[in-house]
Amino acid sequence: MFELLSGRGIGNCPSSYAFIYLFNTFTILGTNPPSDAGPLYYIWSAFLNTFCIIFSPFLCTVGFIMKYMQSTITTMQFLSGIQAGTNVLGIPPKCLTLAFSLKRMRSIEPLLDVMDARYTDPEDVALIRQAAIMGNRLVFGFGMTYLTYMLLTITPPLISGNVPLSIWIPFLDENQSTLHHLMQVVMDLFLMFFLLFHQVVNDSYGTVYIYVIRTHLRLLIRRVERLCVNGEKSVEDNMAELVDCVTTHQQILSLLTIIEPIISVTMFTQFLIIAIILCVTMVNMFIFADLSTQIASTFYFMCVLMQTSPCCYFATELKADSERLPLAIFHCRWMDQDQRFRKVIIYFMHRAQSPIELMAMKLFPINVATNISLAKFSFTLFTFIKEMGVGQDARE
């Protein structure tokens, strides 16, 4: 399995290999049952997803509010819980969207195989192989970042003898006995680990799909740039190649039609909560937190930005590449071709002039500018809170 990360020991591989780590993670989380799944798998799936997706927002929110009102946790710990709890509120809609869209997501793989079969040039095949490897690296990178945050978050309270999250579990009080304390720690660690596991697939899938689609768009641009370059090809051969390029472009648009509605819902959900999370995190870091919490909050800050930044970056690159396509069409050697070729070129250029821009629920674009605007908005909120002296009042 680790060959998909290093690239060593594997030869040429199709674009669909980019989703292996992603769907293996879905399988672990119980939303992508294997062909030989038995009753135990479905029991595990029901327990895990009911606990993590349905009950976790309620358990986390109630737990931190109760303990803060009872003065058993500090303001710093309460804010740490709020910044994590706000993110947890976004997990149910994102997880449910993906769970009901898995068949839709897998339906693009046969089409990708058809598109891969068009490329035999070593440079093109290498680009497809790179996309397959990078897709798994992206999922792995998300996982390692979130795991680092988890370790930095749970280590200080465990060392000091406290529980990591303090989620509310009925009939369980960690201060009552050692057994209750250990049970609370186990439940906290279990919930946090699998919530982060859910976040890995929720946040990485869009980046992987956009990267693969962008790779095929780049391959199409390379093919268009090579149109009519080979003087040994006949007029009919050039015409067939052009028609195939038009077909490839339509297939790329079909891929986007399949995946864009899913990305639109999950990114919209994340955009709604990211500014609040970043603001609370900065208030906690710069006003209340001690050194260990500042380090953990810094990694959490990076994780929150990572939830949207890669997807926004690759969506921006996808749009930029789509704007290069009409230029590539115009600069190919169409002047020496017959009238049929020129008519198809005009049609192709007309279709390609509309840039590919992903939208979050058709309200705002998914791009780097939107991501930066949300980050700036969170800094504005933090500055406003600091100037109002809210932090000083809370510490007093």
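Relevant structure appears above.
Within each chain, residues carry numbers counting from 1 in the order of the written sequence. Note on the predicted model: pLDDT of at least 70 is required for a residue's local features to be given, and 80 or more for side-chain atom pairs to be given and counted; whole-chain, interface and lining totals, by contrast, use all residues. Values shown for side chains rest on all heavy atoms present in the structure; no hydrogens or waters enter the calculation.

### As for the environment of phenylalanine 341
Moving on, step 1. In this structure, phenylalanine 341 sits in helix H12 (residues 339-352).
Moving on, step 2. C-alpha separation for the pair phenylalanine 341 and methionine 239, spaced 102 residues apart in sequence, amounts to 6.0 Å.
Moving on, step 3. Leaving out residues up to four positions away in the same chain, phenylalanine 341 has contacts with Cys228, Asn238, Met239, Leu242 and Trp334. Secondary structure elements are taken from DSSP: a helix is a run of H or I of four residues or more, a strand is a run of E of two residues or more, and numbering for both begins at the N terminus. What makes two residues a contact is simply this: any of their non-hydrogen atoms within 4.5 Å.

### Describing empty space enclosed by the protein
Moving on, step 1. Of the two site types, the cavity is a set of points on a 1 Å grid over the protein atoms alone where a 1.4 Å probe fits but cannot get out, and the pocket is an open set with protein on both sides within 12 Å along at least five of seven lines, each lined by residues with an atom within 4 Å of a point. Grid points are joined across faces, edges and corners, and a volume is the space filled by probe spheres set on the points. Inspection of the entire model under this criterion finds 4 cavities of 30 Å³ or more.
Moving on, step 2. In this model, the second largest cavity occupies a volume close to 60 Å³.
Moving on, step 3. Elements with a contribution of two residues or more to the lining of the second largest cavity: helix H9 (178-225), helix H10 (235-288) and helix H11 (291-331).
Moving on, step 4. Note on residue classes: Ala, Val, Leu, Ile, Met, Phe, Trp, Tyr, Cys and Pro are nonpolar, Asp, Glu, Lys and Arg are charged, and everything else, Gly too, is polar. Of the residues that constitute the lining of the second largest cavity, the class distribution is 4 nonpolar, 5 polar and 2 charged.

### Considering the pattern of salt bridges
Moving on, step 1. Here, a salt bridge means any Lys or Arg side-chain nitrogen found within 4 Å of an Asp or Glu carboxyl oxygen. By the definition in use, this model includes 13 salt bridges.
Moving on, step 2. Residue glutamate 109 pairs with arginine 106 through a salt bridge whose shortest N-O separation is 3.0 Å.
Moving on, step 3. Because the salt bridges share partners, they merge into one network encompassing Arg118, Arg223, Glu241 and Asp244.

### Section: the nonpolar core
Moving on, step 1. Residues enter a nonpolar core if they are buried and are Ala, Val, Leu, Ile, Met, Phe, Trp, Tyr or Cys, with the set joined through side-chain atoms within 4.5 Å. Summary of the burial criterion: residues with accessible area below 20% of their type's maximum are buried, those above 50% are exposed, and those between are partly exposed, where the area comes from a 1.4 Å probe applied to protein chains only. Counting 100 residues, the largest nonpolar core has Phe19, Leu22, Met105, Tyr209, Val224 and Ile366 as its most contacted members.
Moving on, step 2. At 19 residues, the largest contribution of residues to this core is made by H10.
Moving on, step 3. Setting aside anything within four residues of it in sequence, one finds phenylalanine 19 in contact with Ile108, Glu109, Leu112, Val208, Tyr209 and Val212.

### Comments concerning the layout of surface pockets
Moving on, step 1. As a volume, the second largest pocket reaches approximately 350 Å³.
Moving on, step 2. Along the wall of the second largest pocket there are 16 residues; nearest its centre are Thr25, Gly143, Met144, Phe197 and Val200.
Moving on, step 3. Taken together, the elements giving at least two residues each to the lining of the second largest pocket come down to helix H2 (20-28), helix H8 (122-159) and H9.
Moving on, step 4. For the lining of the second largest pocket, the leading source of residues is H8, giving 7 residues.
Moving on, step 5. Classifying every residue of the lining of the second largest pocket by side-chain character gives 13 nonpolar, 3 polar and no charged.

### Here's the deal with the packing of aromatic side chains
Moving on, step 1. Only Phe, Tyr and Trp rings take part, Trp by its six-membered ring, and two of them pair if their centres are within 6.5 Å. Stacked means planes under 30 degrees apart, edge-to-face means over 60, and tilted covers everything else. Inspection of the entire model under this criterion finds 17 aromatic pairs.
Moving on, step 2. Centroid distance phenylalanine 142 to tyrosine 146: 6.1 Å. Interplanar angle 90°. Geometry classified as edge-to-face. Taken together, the residues phenylalanine 142 and tyrosine 146, both in helix H8 and 4 residues apart, mark about one turn of the helix. Just as phenylalanine 142 is buried, tyrosine 146 falls in that class too.
Moving on, step 3. Here the aromatic rings of phenylalanine 268 and phenylalanine 364 are separated by 5.9 Å at their centres, their planes lie at 25°, and the arrangement is stacked. Separated by 96 residues along the polypeptide, phenylalanine 268 in helix H10 and phenylalanine 364 in strand E2 (residues 364-365) bring together distant segments of the chain.
Moving on, step 4. Exposure remark for phenylalanine 364: the relative accessible area of 26% places this residue in the partly exposed category.
Moving on, step 5. Grouped by ring-pair contacts, the aromatic residues Trp44, Phe47, Phe51, Phe190, Phe193, Phe194 and Phe197 constitute a single cluster.

### Quick look at H12
Count 3.6 residues to each turn of an α-helix, and residues three or four apart come out pointing the same way.
Moving on, step 1. Between its first and last C-alpha atoms H12 spans 20 Å; for 14 residues at 1.5 Å apiece the expected length is 20 Å, and the two agree.
Moving on, step 2. Turning to H12, its buried residues number three or more, namely Phe341, Val344, Ile345, Phe348, Met349 and Ala352. Down the axis, H12 shows its buried residues gathered within 135° of arc, on one side only. Away from its buried face by more than 90 degrees, H12 exposes Gln339, Lys343, Ile346 and His350. To estimate how far a helix should reach, multiply one less than its number of residues by 1.5 Å. As used here, the arc is the angular range of directions from the helix axis to the C-beta atoms.

### Things to note about the packing of helix H5 (residues 91-99) against H9
When two helices pack together, their arrangement is given by the angle between the helix axes and the distance between those axes.
Moving on, step 1. Axis definition: a line fitted to C-alpha atoms, limited for helices to the stretch in contact. Angles are taken between N-to-C directions and run from 0 to 180 degrees. The geometry of H5 relative to H9 is characterised by a closest axis approach of 10 Å and an angle of 60° between their N-to-C directions. You can see that H5 and H9 cross each other, and the crossing is left-handed. Across from Ile91, Lys94, Cys95 and Leu98 in H5, the residues of H9 making contact are Leu195, His198, Gln199, Val201, Asn202, Asp203 and Tyr205.
Moving on, step 2. The residue inventory of the contact of H5 with H9, partitioned by class, reads 6 nonpolar, 3 polar and 2 charged. Here a crossing is called left-handed whenever its near helix is offset anticlockwise from the far helix by less than a right angle, and right-handed whenever the offset is clockwise.

### Comments concerning unusual backbone geometry
Moving on, step 1. Positive phi values are uncommon outside glycine, yet methionine 361 reaches one of about 55°.
Moving on, step 2. With respect to the secondary-structure elements, methionine 361 resides in the loop between strand E1 (359-360) and E2.
Moving on, step 3. Within the chain, lysine 362 stands out as a residue other than glycine whose phi angle is a positive 60°.
Moving on, step 4. Within the element layout of this structure, lysine 362 appears in the loop between E1 and E2.

Nothing here speaks to function; it is geometry throughout.
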